[in-house]
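Structure at a glance
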Amino acid sequence: MAQKKSRKNGGRTGWLAVRVILRVALGVLLIVLLAEAAQSAYAFGYSVFTSEAMEEAPGKDVVVTVTEGMSDRQVGKLLESKGLIRDSLVFTIQCKVYGYEIYPGSYVFNTSQTVTEMVEKMSEEPETEEEDSSFLPEDTSASESSQEAESSGEE
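Scoring rules and cut-offs
- Residues numbered from 1 in each chain as written.
- Predicted model: local features only at pLDDT ≥ 70, side-chain atom pairs only at ≥ 80, totals over all residues.
- Heavy atoms only, no water.
- Patch = residues over 30% accessible without salt bridge, like charges linked within 9 Å, V, L, I, M, F, W, Y side chains within 5 Å.
- Areas by Shrake-Rupley, 256 points an atom, 1.4 Å probe, with all protein chains shown as cover.
- Salt bridge = Lys/Arg side-chain N within 4 Å of Asp/Glu carboxyl O.
- Helix = DSSP H or I, 4+ residues; strand = E, 2+ residues; numbered from the N terminus.
- Buried < 20%, exposed > 50% of the residue type's maximum accessible area, 1.4 Å probe, protein only.
- Contact = heavy atoms within 4.5 Å.
- Axes fitted to C-alpha atoms, helices over the stretch in contact; angles between N-to-C directions.
- Parallel < 35°, antiparallel > 145°, perpendicular 65-115°, else oblique.
- Left-handed = near helix turned anticlockwise from the far one by under 90°.
- Nonpolar A, V, L, I, M, F, W, Y, C, P; charged D, E, K, R; others polar.
- Phe/Tyr/Trp six-rings, centres within 6.5 Å; stacked < 30°, edge-to-face > 60°.
- Polar contact = N/O pair within 3.5 Å; in protein donor to acceptor, adjacent residues only side chain to side chain.
- Arc of directions from axis to C-beta.

1. Describing a nonpolar patch on the surface
- On the surface, a nonpolar cluster with roughly 430 Å² of combined accessible area is contributed by L16, V20, V24, V28 and V32.
- The residue V20 is located in helix α1 (residues 2-49) in this model.
- By relative accessible area, which is 45% here, V20 ends up partly exposed.

Laid out in structure tokens, this is it:
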């Protein structure tokens, strides 16, 4: 009878050891996964708030056309496909965080430009026709100045 009792206790001790080992292994795995997640989150956050160029100067020029109605995400994917940025999601988040509004148009960027330089250029409001005529004197209308130009051209 004493032998039966020791077998039971030996079996319990073995299972207890296995459970402890599994819990320790699970704890270590959890710590490693949390450390990896923290490192990835830091790297992502760092890339959102810093701006690095894809290449050293002089780089190469790339033409990008942003059409009406393109979202920040679509513009980011376009820039990424052209080799101007590393991550379109970082670009999208930068646009949201800094409040940039991207205007449609054709832009020439260089691979040595930073993301911040590119997004600032695309967020500059394009000049309108009214702004182009801002060099006219206040008392002269655009139609008067065009008539003057026509009459001076006939002489």
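And the narrative resumes.
2. A look at unusual backbone geometry
- Cis rather than trans, the peptide bond between A57 and P58 has omega equal to 10 degrees.
- Tracing the backbone shows P58 in the loop between α1 and β1 (61-66).

3. Observations regarding the environment of G76
- Along the polypeptide, G76 turns up in helix α2 (residues 72-81).
- With a relative accessible area of 0%, G76 lands in the buried category.
- Sequence separation between G76 and V90 is 14 residues, and the spatial gap between their C-alpha atoms is 8.3 Å.
- Residues within four places of G76 in sequence aside, it is in contact with I85, S88 and F91.

4. Describing the packing of helix α3 (residues 88-98) against helix α4 (residues 115-122)
- Relative orientation of the contacting elements α3 and α4 amounts to 55 degrees, with a least axis distance of 11 Å. Viewed along their axes, α3 and α4 adopt a mutual orientation that is oblique. The hand of the α3/α4 crossing is right-handed. Note on element contacts: α4 touches α3 through V115, V119 and M122, opposite F91, Q94 and C95.
- Along the lines of polarity and charge, the residues of the contact of α3 with α4 split into 5 nonpolar, 1 polar and no charged.

5. A closer look at the packing of aromatic side chains
- One pass over the structure, following the stated rule, counts 2 aromatic pairs.
- Arranged with centres 6.1 Å apart and planes meeting at 55 degrees, the rings of Y98 and Y100 form a pair that is tilted.
- When its relative accessible area of 43% is taken as the criterion, Y98 is described as partly exposed.

6. Re the pattern of salt bridges
- Scanning all chains against the criterion turns up 1 salt bridge.
- For D72, the salt bridge identified is with K96, shortest N-O distance 3.2 Å. Separated by 24 residues along the polypeptide, D72 in helix α2 and K96 in helix α3 bring together distant segments of the chain.
- Residue class for K96 comes out exposed when judged on its relative accessible area of 59%.

7. A look at the side chain of T111
- Here T111 is to be found in the loop between β2 (105-110) and α4.
- Taking the relative accessible area as the measure of exposure, T111 reaches 1% and is therefore buried.
- Here K60 takes part through its backbone nitrogen, which lies 2.9 Å from a polar atom of the side chain of T111.

8. Quick word on α3
- Every buried residue of α3 is listed here: S88, V90, F91, T92, Q94 and C95.
- At the N-terminal boundary of α3, the capping side chain belongs to D87, with an oxygen 3.0 Å from the backbone nitrogen of L89.
- Note on α3: the residue one or two positions beyond its end, G99, has a positive phi of about 70 degrees.

9. A short note on α4
- Within α4, burial applies to V115, M118, V119 and M122. Across the axial projection of α4, the buried residues extend over an arc of 90 degrees, all falling on one side.
- Residues of α4 that are buried in the fold lie against β1, α2, α3 and β2.

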